[in-house]
Amino acid sequence: MSAALDLILLLAGLSYVSLAPYTKVEESFNLHATHDVLMYGVGREDLHKYDHFTFPGAVPRTFVGSIALAWATQLCVRMGSWFGIFSDKFDLQVIARMVLASANAVGLCLLRRAVSRRFGRPTAVMFVLLTCTQFHLLFWMGRTLPNMYALLPANIALYLLIDRAPNSTRPSKSSVHWSISLLTFAAVVFRSELLLLLGPLVAQAILRHTTLYDIIKVGLISGTLSAALTVLVDSYFWQQWPLWPELYGIYFNVFQGKSAEWGTSPPHAYFTSFLPKLLLSSLPLSALGCLLDSRIRSLLLPYLAFVALISGLAHKEWRFVIYVVPAFNIAAARGAVWLTSRRKGTLLGRLSFLTVAVMLAGNCVATFLLARSSFANYPGGTALYAFNHIFESEEHVHVHISNLAAQTGASLFLHSHAPPFHPVLNGTHPVSWIYDKTENLSFDDLTRAQEITHLIAETASIPPSATSAWAPVAIVDGFDGWKLNRDVKSAFQEGLFEGLKELTHVLEMKRSEKLVILKRRT
């Protein structure tokens, strides 16, 4: 039973990678850093070829996670090469993302085991059901955001705090210290907002579990080692000394207030908008869990304090609070088990069970719609993948990739017919293609540049006169939203059977043309 639950968590994360293999611009730094470490190695003579020197971004990001991911991916690629299963660079992107998803699945599996020990097997089963019927956590845990690198140590830290007997009043000192060390590492290296979670956890630990002296000692040792690691690694890869990316990020985004340039949200947004989207039915169920069990209140208090503290920052995104989802799901599982364990023969027992079933079904519907939307929201990756296969018989291609395409999936791993090539890729593909992502070029500029043979362009940027110089080859559409199918009402008027059949199409996905593949006319 335990192995089956763990397998469900793993397969759910891997399925999302398979169904949505492309990436967005916010994932690009770590994805391309992983690409460069895989393809070039880490020798100083090859650092100038790395993508971050061409597209450095607003603030430096750490290479620590990307190096670990690249090396783990390398092991998988080497093993896969024995069976000859890799033929394209893009296969390596999928493997890298699956490795990251698997690592985060391990963190969730550890939590599931700790929940089973602390709260009982039914609560652990419900924890898995709630987690798998939500969208954001499993969909994004295989994506190369810095937050997803920080998620694993954050989940292991939570595991250490709750992995104890049901009647235990406090975790062991060593578990508390290791938990604080892991969160310190994640905050110092990957995501500085975790300091706002570390603070409440440290305060709770001092009051209940350990001493101020021990906390200071643990914090200094783990903080110093973590800072030394990121400074040494990132100073080398960025060729700047000394460089501590997360400290630079705090200065840039918080003290200089630059994060507000990406948009601001009201102070209540995390509680009224982001958490409901992340948690779905786990939100009301977690409130019930808190009312029922003092252990849940003790567990959730630091996470609620974290959300309250981070709400003081003007710029807000759901990924900044993704770390609280497993804790809320544990609380929700406790509440759901209480409901489903009511006396089965009574009306209240049946209604309680039905309530949980409806909540899980609602999760599934919402997750299905969110997943469908996301699968259709990577036109750049779809376009470049199709382009590589349409023209794979041509030896000399110079394709310009528009900004929208680059932001919605056209990653370096999709530069299938241009160096660098990993040693396991021994196919007979062309090797002289040029993938050009030069920005701020008008359509006239692209037409005048005779070396450019193909375009992946935004449909909105194509003038009517373009057909004189360019021949359209394929069009790629993308997601625009959902609309209600107005034919459902009329179908019911025609008969019950027709109405029930149409209910499966109540919501219709709206799509529109996003990108067009063009070939220069000769």
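Reading the values: rules and limits
- Residues numbered from 1 in each chain as written.
- Predicted model: local features only at pLDDT ≥ 70, side-chain atom pairs only at ≥ 80, totals over all residues.
- Heavy atoms only, no water.
- Axes fitted to C-alpha atoms, helices over the stretch in contact; angles between N-to-C directions.
- Helix = DSSP H or I, 4+ residues; strand = E, 2+ residues; numbered from the N terminus.
- Parallel < 35°, antiparallel > 145°, perpendicular 65-115°, else oblique.
- Left-handed = near helix turned anticlockwise from the far one by under 90°.
- Contact = heavy atoms within 4.5 Å.
- Nonpolar A, V, L, I, M, F, W, Y, C, P; charged D, E, K, R; others polar.
- UniProt positions renumbered as here; feature names shortened; annotations may be inferred.
- Buried < 20%, exposed > 50% of the residue type's maximum accessible area, 1.4 Å probe, protein only.
- Pairing = 2+ DSSP bridges.
- Lys, Arg positive; Asp, Glu negative; His and termini not counted.
- Salt bridge = Lys/Arg side-chain N within 4 Å of Asp/Glu carboxyl O.
- Polar contact = N/O pair within 3.5 Å; in protein donor to acceptor, adjacent residues only side chain to side chain.
- Phe/Tyr/Trp six-rings, centres within 6.5 Å; stacked < 30°, edge-to-face > 60°.
- Expected span 1.5 Å × (residues − 1).
- Domains from an automatic or database assignment.
- Buried area = accessible area lost by both parts, 1.4 Å probe.

With respect to the packing of helix α6 (residues 121–132) against helix α16 (residues 325–340)
At step 1: Contact geometry for α6 and α16: axes closest at 8 Å, N-to-C directions at 120 degrees. In this view, α6 runs oblique relative to α16, as classed from their interaxial angle. As for how α6 packs across α16, the hand of that crossing is right-handed. Where α6 approaches α16, its residues P122, T123, M126, F127, L130 and T131 are matched on the opposing element by P326, N329, I330, A332, A333, R334, A336, V337 and T340.
At step 2: When grouped by side-chain class, the residues that make up the contact of α6 with α16 number ten nonpolar, four polar and one charged.

As for the UniProt feature "signal peptide" (unreviewed entry) in the protein chain
At step 1: Taking the UniProt record as the reference, the feature "signal peptide" (unreviewed entry) is found at residues 1–19.
At step 2: Between the C-alpha atoms that bound residues 1–19 there is a distance of 27 Å. The span itself is 95% helix and 0% strand.

Considerations on the pairing of strand β3 (residues 454–458)
One face of the sheet, then the other: side chains in a regular strand alternate in exactly this way.
At step 1: Within β3, four of the five residues are buried, leaving the element largely enclosed by the surrounding structure.
At step 2: Judged from the five bridges that link them, β3 and strand β5 (residues 507–520) form a sheet pairing that is antiparallel. The residue of β5 that forms the bridge with A457 is V516.

Topic: the UniProt feature "transmembrane region" (unreviewed entry) in the protein chain
At step 1: As annotated in UniProt, the feature "transmembrane region" (unreviewed entry) corresponds to residues 94–111, 123–142, 178–203, 215–238, 274–292, 299–314, 320–339 and 351–371 in the numbering used here.
At step 2: Span residues 215–238 is 100% helix and 0% strand, its end C-alpha atoms 33 Å apart.
At step 3: Here residues 320–339 is 75% helix and 0% strand, with 31 Å between the C-alpha atoms at its ends.

Overview of the side chain of D234
At step 1: As for its position among the elements, D234 is in helix α11 (residues 212–238).
At step 2: Buried D234, no salt bridge; nearest opposite-charge side chain is R61, N-O distance 10 Å.
At step 3: From its side chain, D234 meets the backbone nitrogen of F63 in a polar contact 2.6 Å long.
At step 4: When residues no more than four places from it in sequence are discounted, the contact partners of D234 are R61, T62, F63, V64, Q239, L243 and P245.

A look at the side chain of D36
At step 1: For D36, the location among the structural elements is in helix α2 (residues 28–40).
At step 2: Among buried charged residues, D36 stands out as having no salt bridge; its nearest opposite-charge side chain is K89, 8.6 Å away.
At step 3: Within the structure, the side chain of D36 is placed 2.9 Å from the side chain of H35, a separation counted as a polar contact.
At step 4: Leave out the neighbours within four places in its chain, and D36 touches G41, Y50, D51 and L412.

Here's the deal with the packing of aromatic side chains
At step 1: Evaluation of the coordinates by the stated rule reveals 23 aromatic pairs.
At step 2: Between Y16 and F135, the ring centres sit 6.0 Å apart and the planes meet at 90 degrees, which makes this aromatic pair edge-to-face. Linking Y16 in helix α1 (residues 2–19) with F135 in the loop between α6 and α7 (136–140), this pair joins segments that are 119 residues apart in sequence.
At step 3: Owing to a relative accessible area of 4%, F135 belongs among the buried residues under this scheme.
At step 4: Between the aromatic rings of F63 and W238, the centroid separation amounts to 6.3 Å while the plane-to-plane angle is 75 degrees, which identifies the pairing as edge-to-face. Of the two residues, F63 is situated in the loop between α3 (51–54) and α4 (64–81) and W238 in helix α11; the sequence distance between them amounts to 175 residues.
At step 5: Its relative accessible area of 1% is what places F63 among the buried residues.

Comments concerning the pattern of salt bridges
At step 1: A complete count under the given rule lists 15 salt bridges for this structure.
At step 2: A salt bridge links K49 to D46, with the nearest nitrogen and oxygen atoms 3.1 Å apart.
At step 3: For K49, a relative accessible area of 41% translates into the label partly exposed.

A few points about the pairing of strand β1 (residues 398–401)
At step 1: Of the two faces of β1, the one carrying H398 and H400 and the one carrying V399 and I401 are both buried.
At step 2: Bridge count between β1 and strand β2 (residues 434–436): three bridges; the pairing is parallel. Looking at β2, one finds that H400 is bridged to D436.
At step 3: When β1 meets β3, the two strands line up parallel, connected through three bridges. Residue pairing in the sheet places H400 in a bridge with L455 of β3.

Thoughts on α2
At step 1: Spanning 13 residues, α2 covers 17 Å between terminal C-alpha atoms, matching the ideal 18 Å at 1.5 Å per step.
At step 2: Among the 13 residues in α2, eleven count as buried, and that is most of the element.
At step 3: By the burial criterion, the buried members of α2 are F29, N30, L31, H32, A33, T34, H35, D36, V37, L38 and M39.
At step 4: At its buried positions, α2 is contacted by α3, α4, α5 (89–119), α8 (146–162) and α11.
At step 5: Note on α2: the residue one or two positions beyond its end, G41, has a positive phi of about 85 degrees.

What to know about the domain arrangement of the protein chain
At step 1: Domain boundaries in the protein chain define domain 1 (1–376) and domain 2 (379–520).
At step 2: On a C-alpha basis, the centroid separation for the pair domain 1 and domain 2 is 32 Å.
At step 3: Contact residues are listed per partner, giving 28 residues for domain 1 and 28 residues for domain 2.
At step 4: Roughly 2700 Å² is buried in total at the junction of domain 1 and domain 2, and carbon and sulfur atoms are behind 69% of that figure.
At step 5: Of all residues in domain 1, Y22, K89 and A376 bury the most surface against domain 2, accounting for 26% of the area lost on that side.

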